[in-house]
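Overview (structure and organization)
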Amino acid sequence: MLQWPARLGAPVRRAPAFLPARPFSRKKPFPRTPPWRAGPRPEPRPGGAELLRLREDDLPLGGRQEVLFGLAPCALALRAARRAVTRLLLLQGRAGSGARAELARAAEALGVPVQPMRRRELDALCRGQVHQGVCMEVAPLLPTAFPKDGEEGPAARRLWLVLEEIQDPRNLGAVLRTAHFLGVDKVITSHTNSCPLTPVVSKASAGVMEVMDVFATDDLPGLLKDKTQQGWLVAGTVGCPGSGIVQGSNVPITSCQEFLWDRSTLLVLGNEGFGLSHEVRNLCHILLTIQPGRELIPEVESLNVSVAAGILLYSIISQRKGHGDWLQKETSAVACDSPQSSTSSEEPESRTSQGLGL
């Protein structure tokens, strides 16, 4: 320690010691994670890859209210009275006449409050969805639990549509709309890894979800086994041969055009990505496929599940008794209404073909 020279009688002053330099640190003065993200990570959403990509408004809200949007979904939900409705929200200046005015009068007759709102407020409620100037705050709609006792036998030809892990809400809505239009007797979904009945599903179904019974089961293989014992046919679905989709080797594969609907049938559609699970595929008696019209490249080797559902359902429903007679009568009526139709016995058939563009 250095010592300064001191005068006689003066106190000795000592120089301060030199402190060692602080070692160099790479630690940044600010944390890498922003403070608004420093909290605990949210739990992963249940389901597969499709459910992970869904937005928050596509997920179930539990006991909370949800916002139904679109003219048809709101009107059908109000008419069906299956949901508890809190209030009807209409775009300002658009409720004077037309369908919105009728919807407002129907809501007021049921005691539902009607509130006008600005467009940006409706956009915010729907998170950018196409709402057509109509929104409605409602309670969530849950699928009906399928009874385990299996009340229906194969007395008559029935067609049930079974959906295993359909995860995209727009696909589910489109499938429900097609099934309702073509006259499917019942739609059953699997609880596990399946899209819930959200407002997005209702909008994609054009409101069909509000009036159609959608059942759900926790034991899809058990349901297929019970129906098999009752004499039902379980028809699964696979991609076209050579598409790369895993196909069951022990289950026969046939084109949907060659399938004969001669008894009550369960048509089973699988997930958008991997199709039917191995367990469900092995419980099928037959696998239906749609033959392509050309040689396919790997990137477009399959159809969207809602499009495939429409083709498969129509190929089966068209075999229902009376469907062909109805189509023939409609075709004959179109031909007879044509100004070029003739009264000869051989002309109507020719004119009919021209009217259909064949």
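Analysis parameters
Residues numbered from 1 in each chain as written. Predicted model: local features only at pLDDT ≥ 70, side-chain atom pairs only at ≥ 80, totals over all residues. Heavy atoms only, no water. UniProt positions renumbered as here; feature names shortened; annotations may be inferred. Helix = DSSP H or I, 4+ residues; strand = E, 2+ residues; numbered from the N terminus. Buried < 20%, exposed > 50% of the residue type's maximum accessible area, 1.4 Å probe, protein only. Contact = heavy atoms within 4.5 Å. Areas by Shrake-Rupley, 256 points an atom, 1.4 Å probe, with all protein chains shown as cover. Salt bridge = Lys/Arg side-chain N within 4 Å of Asp/Glu carboxyl O. Pairing = 2+ DSSP bridges. Axes fitted to C-alpha atoms, helices over the stretch in contact; angles between N-to-C directions.

An unreviewed UniProt entry annotates the protein chain as rRNA methyltransferase 1, mitochondrial of Sarcophilus harrisii. Heading Subcellular location (unreviewed entry) of the UniProt record for the protein chain holds this comment: "Mitochondrion matrix". One UniProt comment on the protein chain, placed under Sequence similarities (unreviewed entry), says "Belongs to the class IV-like SAM-binding methyltransferase superfamily. RNA methyltransferase TrmH family."

**Notes on the overall build of the protein chain**
In terms of helices and strands, the protein chain carries twelve helices and twelve strands. Taking all 358 residues of the protein chain together, 38% fall into the buried category. By sequence separation, contacts in the protein chain at least 24 residues apart represent 83% of the contacts at least 6 residues apart. Total accessible area computed for the protein chain in this model is approximately 22,100 Å², and 54% of it derives from carbon and sulfur atoms.

**Section: the environment of L197**
On the secondary structure map, L197 appears in the loop between strand 7 (186–190) and helix 6 (199–204). Look at L197 and you get buried, because its relative accessible area is 9%. Those residues in contact with L197, other than ones at most four positions away along the chain, are E66, L141, L142, P143, L172, M209 and V214.

**A short note on the pattern of salt bridges**
Considering all chains together, one arrives at six salt bridges under this definition. The partner of R87 in a salt bridge is E137, and the shortest N-O contact between them spans 2.9 Å. Of the two residues, R87 is situated in strand 2 (residues 85–91) and E137 in strand 4 (residues 134–138); the sequence distance between them amounts to 50 residues. Owing to a relative accessible area of 24%, R87 belongs among the partly exposed residues under this scheme. Close ionic contact of R320 with D185 constitutes a salt bridge, the shortest N to O distance being 3.8 Å. You can see R320 sitting in the loop between helix 10 (305–317) and helix 11 (323–337) and its partner D185 sitting in the loop between helix 5 (169–182) and strand 7, a full 135 residues away along the chain. Overall, the relative accessible area of 28% leaves R320 in the partly exposed class. The structure contains a network of salt bridges with shared partners spanning E66, R83 and E210.

**Let's talk about the pairing of strand 8 (residues 214–217)**
Across the two faces of strand 8 the burial is the same, with V214 and A216 and F215 and T217 all buried. As defined by bridge partners, strand 5 (residues 144–145) adjoins strand 8 across two bridges and the pair is classed as parallel. Residue pairing in the sheet places T144 in a bridge with F215 of strand 8. Both strand 7 and strand 8 contribute to a ladder of four bridges, which runs parallel. Within the sheet, the bridge partner assigned to T189 lies in strand 8 and is A216.

**What about the sheet that holds strand 8?**
Across the sheet, which stays open at both edges, the eight strands sit in the order 5-8-7-6-11-9-12-10 with parallel pairing between neighbours. In this open sheet, the two strands that pair with only one neighbour each are strand 5 and strand 10 (253–255). In the sheet, strand 6 (residues 159–163) pairs with strand 7 via four bridges, with the strands oriented parallel. Following the sheet pairing, L163 is matched in strand 7 by T189. Docked against the sheet, helix 5 engages strand 6, strand 7 and strand 8, running at close to 180° with respect to strand 6. Lying on the sheet, helix 8 (residues 220–229) is in contact with strand 6, strand 7, strand 8, strand 9 (233–237) and strand 11 (265–269); it crosses strand 11 at an angle near 155°.

**Topic: unusual backbone geometry**
Even without being glycine, A81 reaches a positive phi, approximately 55°. Mapped onto the elements, A81 comes out in the loop between helix 2 (71–80) and strand 2. Look at A81 and you get exposed, because its relative accessible area is 60%. Notably, E165 is not glycine yet its phi reads approximately 60°, a positive angle. Structurally, E165 can be placed in the loop between strand 6 and helix 5.

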